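So the chains spell out like this:
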Amino acid sequence: MAKAQNITLTGDMTYAEAARATVGVRADEVFDHADGVLDTGDIERVHDMRVATRRLRAVLEVFAPCFDHAVHRDVLGDVKALADALGARRDPDVQLEDLDEFAAAVPEPDLAGVDVFAQRLRVEQAQGNQVLAAALLTAQESDLRGRLAALVTA
């Protein structure tokens, strides 16, 4: 799992200054993990981006009073939608990984049943990837990254 970046906050910062610094870093982390996130061969990319969206969502909620309500609400909704799409892809990723471990311990005659279940999970994974691709496109078209940057500079 990708480690969260440290954020330097000082005692003389206002709550709003701390909010801008924290949200700015957490927003950058989300998009830093976007490269290759649709690659089903490397499931950790999805995990890292999902964790980053959860961290961003948390700080957006904690610091909500520091931002324009309407802008904040829209950005938070888009971050939640992206996190949901990442979850749709992540869940079958984890199940497939666990199923691979399980298959290693199953007697040969039972492997056919495990394979059928794995194929169903791969379909779910592909569907989750389509959901994620659409969410990434929406985030790009709505300039989520730019709107987050504008939120912290306003």
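Trainee: What's the story with the overall build of the protein chain in this structure? I'm lost.
Mentor: A count of helices and strands for the protein chain gives five helices and zero strands. Traced from its N-terminal end to its C-terminal end, the protein chain shows the element sequence α-α-α-α-α. Computed over its C-alpha atoms, the radius of gyration of the protein chain comes to 19 Å, more than 25% above the 15 Å expected for a compact globule of 154 residues. Summarising its shape, the C-alpha atoms of the protein chain cover approximately 65 × 30 × 20 Å along the three principal directions. Taking all 154 residues of the protein chain together, the buried fraction comes to 36%.

Trainee: It is not clear to me how helix H2 (residues 43-62) should be interpreted in this structure. Could you clarify?
Mentor: Given 3.6 residues to a turn, an α-helix orients residues that are three or four positions apart in the same direction. A rise of 1.5 Å per residue sets the reference length of H2, with its 20 residues, at 28 Å; its end C-alpha atoms lie 29 Å apart and thus fit the reference within 8%. Listed as buried for H2 are Ile43, Val46, His47, Asp48, Met49, Val51, Ala52, Thr53, Leu56, Val59 and Leu60. Against helix H1 (15-32), helix H3 (69-105), helix H4 (111-141) and helix H5 (144-153) lie the buried residues of H2.

Trainee: In this structure, what is going on with H3? I would like to understand it.
Mentor: Compared with an ideal rise of 1.5 Å per residue, which puts 37 residues at 54 Å, H3 spans 53 Å between its outermost C-alpha atoms and is within 8% of the ideal. Backbone nitrogen of alanine 70 and a side-chain oxygen of the N-cap are separated by 3.3 Å at the start of H3; the cap is aspartate 68.

Trainee: Is there a simple way to explain the pattern of salt bridges in this structure?
Mentor: Opposite charge on two side chains allows them to pair when their charged atoms are near. In total, this model carries eight salt bridges according to the counting rule given. Put simply, glutamate 29 and arginine 26 hold a salt bridge, and the shortest N to O gap is 2.9 Å. With a gap of three residues between them, glutamate 29 and arginine 26 both fall in helix H1, about one helical turn apart. Relative accessible area serves as the criterion here: at 3%, glutamate 29 is assigned to the buried category. We note a salt bridge from arginine 145 to aspartate 28, for which the minimum N-O separation is 3.8 Å. Highlighted residues: arginine 145 in helix H5 and aspartate 28 in helix H1, separated in sequence by 117 residues. Overall, the relative accessible area of 39% leaves arginine 145 in the partly exposed class. Through salt bridges with shared partners, a single network forms among Asp28, Asp32 and Arg145.

Trainee: Looking at this structure, I do not really get the packing of H1 against H5. What am I missing?
Mentor: The axes of two packed helices give the description: the angle between them and the distance between them. Interaxial distance between H1 and H5 falls to 9 Å at its minimum, and their mutual angle equals 170 degrees. Here H5 runs roughly antiparallel to H1, going by the angle between their axes. For the crossing formed where H1 meets H5, the hand is left-handed. Touching Arg20, Val23, Gly24, Ala27, Asp28, Phe31 and Asp32 of H1 are Leu144, Arg145, Leu148 and Val152, all from H5. Class assignment of the residues belonging to the contact of H1 with H5 gives a composition of six nonpolar, one polar and four charged.

How each quantity is defined
Residues numbered from 1 in each chain as written. Predicted model: local features only at pLDDT ≥ 70, side-chain atom pairs only at ≥ 80, totals over all residues. Heavy atoms only, no water. Helix = DSSP H or I, 4+ residues; strand = E, 2+ residues; numbered from the N terminus. Rg over C-alpha atoms; globule rule 2.2 N^0.38 Å. Buried < 20%, exposed > 50% of the residue type's maximum accessible area, 1.4 Å probe, protein only. Expected span 1.5 Å × (residues − 1). Contact = heavy atoms within 4.5 Å. Polar contact = N/O pair within 3.5 Å; in protein donor to acceptor, adjacent residues only side chain to side chain. Salt bridge = Lys/Arg side-chain N within 4 Å of Asp/Glu carboxyl O. Axes fitted to C-alpha atoms, helices over the stretch in contact; angles between N-to-C directions. Parallel < 35°, antiparallel > 145°, perpendicular 65-115°, else oblique. Left-handed = near helix turned anticlockwise from the far one by under 90°. Nonpolar A, V, L, I, M, F, W, Y, C, P; charged D, E, K, R; others polar.

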